[in-house]
Structures are given as structure tokens and as C-alpha cells.
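# A structural walkthrough
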Amino acid sequence: MRYYLNIGTNLGDRHDNLRRAIQLLTGGTGKCTVSPVVESEPWGFDSNNRFLNVGIAMVSDLEPLAMLDRIHDIERQMGSASHRDAQGGYVDRLVDIDIMAIDDDHGHSLTLDLPTLQVPHPHLHDRDFFINPYRWLRQEARNEADNSQLAIRMLAELPFDPTDEQMQLVALLDRFVQHGGDRMVFLLSGYAGTGKTSIVGALVKALQARLRKCVLMAPTGRAAHIMSDYSGHTAWTIHRKIYRQQSYGSETFGLADNRHTDTLFIVDEASMIANGVGEGAVFGTGRLLDDLITYVYSGQGCRLLLVGDTAQLPPVGTTESAALNPEVLRGYGLDVVGMTLRQTARQAQQSGILHNATLLRQAMEHDTLPEPQLQLQGYTDIEAVTGDMLLETISDCYDRDGLDQTIIITRSNWRATQFNGGVRNQILYREEELASGDLLLVAKNNYYWGEDYEKVDFIANGDVAIVRRVRGEVERRYGLRFATVVLELPDHEHTELEAKVVLDCLTSDTPALTRQQQERLFNEVMSELPGDQRARYRALKRHPYFNALQVKMAYAVTCHKAQGGQWQNVFIDMGGIAREALTTLDFYRWFYTAMTRARCHVYLINYVPHNA
């Protein structure tokens, strides 16, 4: 038989009461169809406590009276033995489960008129909190005989008991995935510690369990790797998924055909998605957000879920993250739905990192920003570190967790260069300009060195590389110094390749080669090449020195370069920041983004309390 039940509650953790009742009714399997939650005033009595009601449809071999006995047992088990007071009036209750209707095994509606049970429920059509969930369940039965019950599966995949806010998000995601329109996009924004990542991971696992198709993407290789870890599903960089090289050896990439059907595309770290040309000029239209939306919605039955954090830094040179702006998305003709998670998850409330990140985020909601007021006392995962202890503390982190799990985040390329030099000379004791084991950060997109490797479409600005070997001597050409090295690329499935790198970038105070250095390199290489101008341009694209990787040391980086990554230990450089900058939105976003790169520990370098 198919039972249509209604669960109501107006005491305690109401969402948790609904979840527990569903689990008990289904024997822990979660096999049922669940309506959206309805909130209403108490019916038949006065109370300040509003009810939450949800309808469920479930199949059971129990006969109606046996099902009624089971319901009463569950109500008593949950602590709701009676729904009425001594005079017979209704009272507040933890849980109240009613049978609204029953279908037999052939789908025909049953009618019962027994002393203890009437079916359909006598008040089914005059109580909105009954009839609305019931109609929704009936429509679901018509639309999909074997409903996937994504929401229940998601809840089963969560590693913690969800908050009310998270329960609401699960219901919204369920409705979006199963009933969203063709031009609908879901915008999921969530601050640090709200459980956004866990819920997306649970969604992906639930989709896989129900054989529903999804594609995971992120703006950088590092962010894609993290997404893959928490979801248990392969994740791609946006560029690698949506673009295709125009021809072998070409430096231009066209928009690929979206051959997916009925697929949910989930993009994490959406705050990083730029929509200006810049280095992206060789990709499609040069506007990543435009191309992403064009690609996704050109596929039959495909939709997009954008996940991000509006409190983080927007793309370089912009004041907001276009991909997280509902009005921008509506400009593409999309129907925007979504939710912003603001409530810190219970399991994160003891974290000093997340507590202070929350303080920064809350301050950002005000028109006038004070100097950041952090709370360090009572927490073991965030602390100020003085100059005399800095090298020892960094060294301890390297010994405990490894070079690749510790990062220094600073405000400028100049300060990053100073920290990188200090780390190499005073902690790693490396005298060579470049040595085996050094961590490098790619400073400019490169399309030359990865073209012969299946897993490397191109080497992106922000990719990390590990030096495995340095071959031969330093070469001096075109006013620059070059070295030939074997590099491992962790963001490209640890592919190893041989490439030339420009040594001059390692210690420069600019993000990459200066305009003057780049122009001299171009002019001198062009002057050496034979043939007419067109032939020389073709040869230029194949010239190993002109295409040498521009790299920086990666022990200390600017915040934009760190964005999308996570490390066990994050050192945040608070020095060299003008006092007036401390009260700007740009600084708050920088500080918040830097702090939330840490998994385990934040160390504040040169931190001076605001009232010192």
C-alpha cells in the first residue's frame, strides 16, 4: 500500500524532528517522497509556537491499523505521547503524524470509516498544511512514479545533523534538480563554516547514487582538485571542460560543443570567474562567464549550479563577482533561484578561524567599517606570531605537514619576494637560485610546454609546479636568464614535463616580466627568425625561449594567487598595510579570503590589535 502521511511539529528543533520522524517511519532507509515544508499557525488552539508540517508518501506492507499502531509507537518514542490536554483540547507537540490518504496496490484510493481511523483524513481538505503537501505528493506521483528522493539521500550523505537553514537548502536543491526549468540557474552563496561544501558534496553523491548526471568544474586546477576530494567525483577546470584547441599547436581555444544531456553542471569557487578579456583573450570570446553560460545551456536539458562566497575577493580589477550577482545572471535570460547560507554550522562553532572569519563577514554588512576586531583568546587554531618566532614557527609547520601544506599570504608581489627569499635562505638553506624540490608558481598562462601531454591543455597562471631536476647551466639571452628544468604539475595529475623557465621573474617585484622585458624579448627573437613577417610570427609561437615559463617562488604569494586553494597552515602578513586601508571593503575581503584558506591553523604575522 502507498500511504500519504503528514508530520507536524512545533516544539524543539522542528527540522530535526521532521528528519527523525521520516527516518523512523522508513526504517532508516529514507525511501519515500517528501513534500516541501509548510509553516503555519497552530490549528484548533492558541500558541506562540508555529508548526512545521511536511507530507510524505511511502510504500508499506503494513495494513492500515498496523500502520496506525506504528505511528503511535514512533510518536511515543519521540516523546509526544499525547496531543491533547486533560480537557481534550489540542496542545503543543514534538511530533504529530496523521494518515491523510491510502492507495491500494493497484493505485486506487481506499476509504475507511473505523472507530480509530478514518481515511481520507476528515480534515484533509480544510487544513492548508494537509492539503497543500498532499496535492504536491499526488502531482509528484503523476510526474514520476519512482521519485529519486534526492533530498533524503542528501541528508543521509551529510556527515552531521543539518541546521534549519541547511535543511531548507537541501529542499531547494532537490526541487531545482528534479523540477527546475531549462533556463534556470541555482546560485548558492555561503560564508565560511556554513556547511556549503559538505552540502554540495552530499548533492554530488546523491546524484551519483540515483544515476543522475553531473559535471564538476572550478576556475583553477587547485580548486578543482579540492572539489574532487570533498565530492568523491572527478572535477575539471572550467577552461579544460568548455574549450577546445582550434588546431594542434594553436594558441587559440574555441568553445567546445556541449554533448551532455540532462546534466547538472556544478561550478565551485564561482567568485573567481572573471568576465573581462585580459589573459583570457585566446579562449572563446575572452569572457569566461559568457562562455560558461553559453556552453552549459546549449546542451539539451542542462542546467548550472554556481557555488561561491560573496565575501571573498572578486576577480582582479573588479569590484564584484559577476557570477554571484543575480542581476548579471538574469541578463543572460536565466531564471535565478538560490540561497545564501549565513548560519555557522554547529561543528564549526569551536573554530577560532571560522569565528574570526564570521566577525569579518558580519562587519562587511555595515556601511562603515571599523578596523578589524579579532578574538584570539581561547582558541588554539589562530594566533599572532612575533618576528623572533616566525622562522621557527614556519619551520615547524614544514616539518609537521610538509612544504606544500604551508603558505604565506601577503599584500604585494614585493613582500612575497622578500618572504620567499627568507624562506629559501634561512629555513631551507638553499643557496642556488633554483634547486630540486623548490615550489614554483606560474605567473602567466603558457600554451607551449604542455601541448604534447594529454593531461595538460595549457599551464595556467596560478598553477603550482615542483622542481624535480635542473638541467645544464644558466643561459643568458635577450637580456634575460633561462634554465631548463623538469617540473611536476600537481594541478595536472602530477604530470612531469621538461621546460625552460625565466629566472629573472623569481626575484622581481612585478607579477611577471615587465612590459619592457617582454618587448625586448619579442623584438630580439623576431629579428633572429627568417622569412617574412607571417612566417616569423608562426615561428615565434614555436620558439622555446620566447615561450619560457614565467614563474615565481610559491612559499609566499598574494591573496589572489592563493584563492581557490587550501592549506593546513596559513601565515597572513599584516605588515606594510596603511592604517587607512584597514577600514576598506577591499582589505576586509582580502583578510577574509586569506583567513579562510586555512584548514587547521592561521598565524598572523605583524598583527597589532586595533586598540594597541
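Scroll up a little and you will see the structure.
Right, let's walk through the structure included here.

Here is what the cut-offs are and how they apply
- Residues numbered from 1 in each chain as written.
- Predicted model: local features only at pLDDT ≥ 70, side-chain atom pairs only at ≥ 80, totals over all residues.
- Heavy atoms only, no water.
- Helix = DSSP H or I, 4+ residues; strand = E, 2+ residues; numbered from the N terminus.
- Buried < 20%, exposed > 50% of the residue type's maximum accessible area, 1.4 Å probe, protein only.
- Contact = heavy atoms within 4.5 Å.
- Areas by Shrake-Rupley, 256 points an atom, 1.4 Å probe, with all protein chains shown as cover.
- Lys, Arg positive; Asp, Glu negative; His and termini not counted.
- Charge placed at Lys NZ, Arg CZ, Asp CG, Glu CD.
- Axes fitted to C-alpha atoms, helices over the stretch in contact; angles between N-to-C directions.
- Parallel < 35°, antiparallel > 145°, perpendicular 65-115°, else oblique.
- Left-handed = near helix turned anticlockwise from the far one by under 90°.
- Nonpolar A, V, L, I, M, F, W, Y, C, P; charged D, E, K, R; others polar.
- Pairing = 2+ DSSP bridges.
- Core = buried A, V, L, I, M, F, W, Y, C linked by side-chain atoms within 4.5 Å.
- Expected span 1.5 Å × (residues − 1).
- Arc of directions from axis to C-beta.
- Phe/Tyr/Trp six-rings, centres within 6.5 Å; stacked < 30°, edge-to-face > 60°.
- Lys NZ or Arg CZ within 6 Å of the ring centre and 35° of its normal.

## Points about the overall build of the protein chain
Each helix and strand counted, the protein chain has 17 helices and 25 strands in total. Taken over the C-alpha atoms alone, the protein chain extends approximately 100 × 60 × 40 Å along its principal axes. Relative to its full complement of 612 residues, the protein chain shows a buried share of 55%. Across the protein chain, every contact between residues at least 6 apart in sequence was considered, and the portion connecting residues at least 24 apart equals 72%. Of the roughly 27600 Å² of accessible surface on the protein chain, a fraction of 47% belongs to carbon and sulfur atoms. Positive and negative side-chain charges of the protein chain, numbering 60 and 78 respectively, have mean locations separated by a distance of 5 Å.

## Focus: the packing of helix α4 (residues 150-157) against helix α6 (residues 196-209)
Running from amino to carboxyl end, α4 crosses α6 at an angle of 125 degrees, the nearest separation of the two axes being 8 Å. Judged by the angle between their axes, α4 and α6 are oblique. The chirality of how α4 crosses α6 is right-handed. For the pair α4 and α6, contact is made by Leu150, Arg153, Met154 and Glu157 and by Ile199, Ala202, Leu203, Lys205, Ala206, Leu207 and Ala209, respectively. Considering only residue class, the contact of α4 with α6 consists of eight nonpolar, no polar and three charged.

## Remarks on the sheet that holds strand β21 (residues 495-502)
The five strands are arranged β18-β19-β20-β21-β22 in a closed barrel whose pairing can be described as mixed. Put simply, the sheet's adjacent strands are angled 50 degrees from each other on average, direction ignored. Bridge count between strand β20 (residues 480-489) and β21: eight bridges; the pairing is antiparallel. Within β21, the residue paired with alanine 483 across the bridge is valine 501.

## Digging into the environment of leucine 360
Mapping leucine 360 onto the fold places it in helix α11 (residues 352-364). The class of leucine 360 is buried, set by a relative accessible area of 2%. Sequence spacing of leucine 360 and valine 119 is 241 residues, and the spatial spacing of their C-alpha atoms is 55 Å.

## Considering the nonpolar core
Of all hydrophobic cores here, the largest spans 78 residues; its most connected members are Ile572, Trp590, Phe591 and Met595. With seven residues, the top contributor of residues to this core is helix α17 (residues 585-595). Filtering out sequence-adjacent residues up to four positions away, phenylalanine 591 remains in contact with Leu360, Pro372, Leu374, Ile572, Met574 and Leu604. Listed in part, the 37 residues of the second largest apolar core include Met167, Met184, Ile199 and Ala206.

## Side note on the pairing of strand β1 (residues 2-9)
With eight of eight residues buried, β1 is to be regarded as a mostly interior element. Here β1 shows no split at all, with Arg2, Tyr4, Asn6 and Gly8 on one side and Tyr3, Leu5, Ile7 and Thr9 on the other all buried. In this sheet, strand β4 (residues 51-59) lies alongside β1 in antiparallel orientation, the contact comprising eight bridges. Bridge assignment links leucine 5 to a residue of β4, and that residue is isoleucine 56.

## Digging into helix α2 (residues 64-77)
With 14 residues, α2 ought to run about 20 Å at 1.5 Å a step, and its terminal C-alpha atoms sit 20 Å apart, in line with that. Every buried residue belonging to α2 is among Pro64, Met67, Leu68, Ile71, Ile74 and Glu75, and all of these are buried. For α2, the angular spread of the buried residues around the axis is 120 degrees, confining them to a single face. Among the structural elements, β1, α1 (14-25), β4, β5 (96-103) and β6 (112-113) are those in contact with the buried residues of α2. Within two residues after α2, glycine 79 carries a phi angle of roughly 95 degrees, on the positive side.

## Regarding the packing of aromatic side chains
Counted according to the given criterion, the structure contains 23 aromatic pairs. Pairing phenylalanine 253 with phenylalanine 458 gives two aromatic rings, centres 6.1 Å apart and planes at 55 degrees, and the pair type is tilted. Separated by 205 residues along the polypeptide, phenylalanine 253 in strand β12 (residues 253-255) and phenylalanine 458 in the loop between β18 (439-442) and β19 (464-477) bring together distant segments of the chain. Across the pair, exposure class does not vary: phenylalanine 253 and phenylalanine 458 are buried alike. Taking the centre distance of 6.2 Å and the plane angle of 40 degrees together, the rings of phenylalanine 522 and tyrosine 537 count as tilted. Placement of phenylalanine 522 in helix α14 (residues 515-528) and of tyrosine 537 in helix α15 (residues 533-540) is noted, with a sequence separation of 15 residues between them. Residue classification places phenylalanine 522 among the partly exposed positions, given a relative accessible area of 26%. By the ring-pair criterion, three or more aromatic residues cluster together here, those being Tyr243, Phe253, Phe283, Tyr447 and Phe458. Here the basic side chain of arginine 127 rests over the ring of tryptophan 43, its NZ or CZ set 3.6 Å away from the ring centre. Seen from the ring of phenylalanine 176, arginine 303 lies directly overhead, with NZ or CZ sitting 4.8 Å from the centre.

## Considering the sheet that holds strand β23 (residues 556-558)
Taken in spatial order, the five strands line up as β16-β25-β24-β17-β23 in an open sheet, and their pairing is parallel. A strand with exactly one partner marks an edge of an open sheet, and here the two such strands are β16 (382-385) and β23. Adjacent strand axes in the sheet meet at a mean angle of 30 degrees when their direction is disregarded. Where strand β17 (residues 406-410) and β23 come together, three bridges link them in parallel fashion. In the sheet register, isoleucine 408 faces β23, and the bridge partner there is alanine 556.

## Remarks on the side chain of histidine 543
Its location among the elements puts histidine 543 in the loop between α15 and β22 (549-553). Classification of histidine 543 as buried rests on a relative accessible area of 10%. Beyond its immediate stretch of four places on either side in the chain, histidine 543 contacts Tyr478, Val525, Glu528 and Leu529.

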